[in-house]
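One letter stands for each residue in the lines below.
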Amino acid sequence: MQPRNSRLNSSALRGAVDLAAVKAAGEAAQKAEQARADRARQAAAAEAAGVAPAQAPYELVIDVTEDTFETEVVQRSTEVPVVIDFWAEWCGPCKQLSPVLEGLAEEYAGRFVLAKIDVDANPLISQQFGIQGIPAVMAVVAGQLVPLFQGAESAANVRKVLDQLLLVAEQRFGIVGGAGAPAAEGEGPDAAPLRPEDPALSAAHDALDRGDLGGAIQAYKNVLTDQPGNTEAKLGLAQAELLSRVEVLDPQAVRTEAAADPKDVQAQLRAADLDLVGGHVEDAFGRLVDTVGRTAGEDRDTARVRLLELFEVIGTEDPRVVAARTALARVLF
């Protein structure tokens, strides 16, 4: 296979994912922080006037049914992240996890709402979400589904997942919980409303924009070493690694090889990468799901891991990723 003469730069990904959204996430975070600062000033003013501090403008733990789902979950998710606990009375692990989630809802004091859904009483919702087993925990942010985890987890592990969810909600959607949320360190009536962008992250973005893929990959890895949960860096790294893989490919040769032998895993991986860069997201995901379904052992795991990497490029809350995760679960189990 002969490498292409022309260098592929970051603009080639625009059909699949908007690179500007990576930088826009920082702006969304600033807006979210501004909202928190505004609420802190309002709370300080209320305290000075002898008025009771405002509480979150919603219940922190709610029972949701098929009739109330649209209002209590979908519409509410435009104001605050909604975490969904799928449970049933007969489920032992559910009885371990639910008190943990309820306690954390109180602890986070309005930064998210916990919606409890009884799968026996609400089978249609369970079917629509593709629930395979319980307890299962998902979230909805700005109307977008964000799968979280399945099975009972410790409070410490759930807290890590929630922190990641809230970071995504702030950075990608500018959504922060209600007035009951405690102010973060350094926030208050006199706190600066905006925060400067991380210089290391800015340098990584700049390297990606100018086509220095090796430099971008290393820069994003450096950020993740210090900040393992940084979603901007994870997205940027996934994009840079994808571009690095495809820049030396001959598209015609790759597609010919993939069509000639559907069981050639490496050929399918290369073709899926090209599909994604070309903006054919569903095709890329479908190709790899099919590859997982027709292979076994190390080949199957290789295809599965690549599919998960491509999920990171698009963003785990994207509906196309959610659909592909469901398809992947079907062929795996």
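Above this text is the structure in question.
The structure reproduced in this document is the subject of the present report. (Residues numbered from 1 in each chain as written. Predicted model: local features only at pLDDT ≥ 70, side-chain atom pairs only at ≥ 80, totals over all residues. Heavy atoms only, no water.)

1. Regarding the sheet that holds strand S4 (residues 136-141)
Link 1 in the chain: In space, the five strands of this open sheet follow the order S1-S3-S2-S4-S5, with mixed pairing throughout. Each edge of the open sheet is held by one strand with a lone partner, namely strand S1 (61-63) and strand S5 (144-150). On average, each strand axis in the sheet is tilted by 25° relative to the strand beside it, whichever way the strands run.
Link 2 in the chain: Direction of pairing for S1 relative to strand S3 (residues 113-118): parallel, over a ladder of three bridges. Counted as the bridge partner of isoleucine 62 is alanine 115 from S3.
Link 3 in the chain: Contacting strand S2 (82-87), S4 and S5, helix H5 (residues 155-173) crosses the sheet at an angle of about 165° to S5. (Pairing = 2+ DSSP bridges. Helix = DSSP H or I, 4+ residues; strand = E, 2+ residues; numbered from the N terminus. Axes fitted to C-alpha atoms, helices over the stretch in contact; angles between N-to-C directions. Contact = heavy atoms within 4.5 Å.)

2. Points about the side chain of serine 126
Link 1 in the chain: By secondary structure assignment, the location of serine 126 is in helix H4 (residues 123-128).
Link 2 in the chain: A residue is classified by how much of its surface remains accessible, and serine 126, at 11% relative accessible area, is buried. (Buried < 20%, exposed > 50% of the residue type's maximum accessible area, 1.4 Å probe, protein only.)

3. With respect to the pairing of S5
A regular strand places its side chains so that they alternate between the two faces of the sheet.
Link 1 in the chain: Here S4 pairs with S5 via six bridges, running antiparallel. Paired with methionine 138 across the bridge in S5 is proline 147.
Link 2 in the chain: The antiparallel pairing of S4 with S5 creates a hairpin that spans two residues between the two strands, and alanine 142 there sits at a positive phi of about 50°.

4. Thoughts on unusual backbone geometry
Link 1 in the chain: Here the bond from isoleucine 134 into proline 135 is cis, since omega is 0°, no more than 30 degrees from zero.
Link 2 in the chain: Looking at the element boundaries, proline 135 is found in the loop between H4 and S4.

5. Focus: the pattern of salt bridges
Link 1 in the chain: Within this structure, the stated rule accounts for 15 salt bridges.
Link 2 in the chain: In this structure, arginine 210 and aspartate 212 form a salt bridge, with 3.8 Å as the shortest nitrogen-oxygen distance.
Link 3 in the chain: Its relative accessible area of 32% is what places aspartate 212 among the partly exposed residues.
Link 4 in the chain: Through salt bridges with shared partners, a single ionic network connects Arg245, Asp273, Arg306 and Glu309. (Salt bridge = Lys/Arg side-chain N within 4 Å of Asp/Glu carboxyl O.)

6. Looking at the nonpolar core
Link 1 in the chain: Ranked by internal contacts, the top residues of the largest apolar core, which has 29 residues, are Leu242, Leu276, Phe285, Leu307, Leu310 and Ile314.
Link 2 in the chain: Residue assignment for this core shows that the elements contributing at least two residues are helix H8 (231-246), helix H9 (251-260), helix H10 (265-277), helix H11 (281-294), helix H12 (297-314) and helix H13 (319-332).
Link 3 in the chain: In terms of nonpolar packing, the next biggest core, distinct from the first, is built from 25 residues, Phe69, Val73, Phe129 and Val322 among them. (Core = buried A, V, L, I, M, F, W, Y, C linked by side-chain atoms within 4.5 Å.)

7. Focus on helix H3 (residues 92-108)
Link 1 in the chain: With 17 residues, H3 should cover 24 Å at 1.5 Å per step; its first-to-last C-alpha distance of 25 Å lies within 8% of that length.
Link 2 in the chain: Residues of H3 that are buried: Cys94, Leu97, Ser98, Leu101, Leu104, Ala105 and Tyr108. End-on, the buried residues of H3 take up no more than an arc of 135°, which puts them together on one face. Opposite its buried face, H3 presents the exposed residues Lys95, Gln96 and Glu106, each directed more than 90 degrees away.
Link 3 in the chain: In this fold, the buried residues of H3 make contact with S1, S2, S3, S4, S5 and H5.
Link 4 in the chain: Positioned one or two residues after H3, alanine 109 has a phi angle of 50°, which is positive. (Expected span 1.5 Å × (residues − 1). Arc of directions from axis to C-beta.)

8. Brief notes about the packing of aromatic side chains
Link 1 in the chain: Under the criterion given, the structure shown has four aromatic pairs.
Link 2 in the chain: Seen in terms of ring centroids, phenylalanine 285 and phenylalanine 311 are 5.0 Å apart; in terms of plane orientation they differ by 85°. Their pairing is edge-to-face. With phenylalanine 285 in helix H11 and phenylalanine 311 in helix H12, the pair connects residues that are 26 residues apart, well separated along the chain.
Link 3 in the chain: Residue classification places phenylalanine 285 among the buried residues on the basis of a relative accessible area of 3%.
Link 4 in the chain: Linked through ring pairs, Phe69, Phe86 and Phe129 together constitute an aromatic cluster. (Phe/Tyr/Trp six-rings, centres within 6.5 Å; stacked < 30°, edge-to-face > 60°.)

9. Regarding the pairing of S4
Link 1 in the chain: Burial within S4 is extensive, with six of its six residues counted as buried.
Link 2 in the chain: Covered by surrounding structure in S4 are Ala136, Met138 and Val140 together with Val137, Ala139 and Val141, the residues of both alternating faces.
Link 3 in the chain: Sheet topology note: the S2/S4 ladder contains five bridges and is antiparallel. Residue phenylalanine 86 lies in a different strand from S4, and its bridge partner there is alanine 136.

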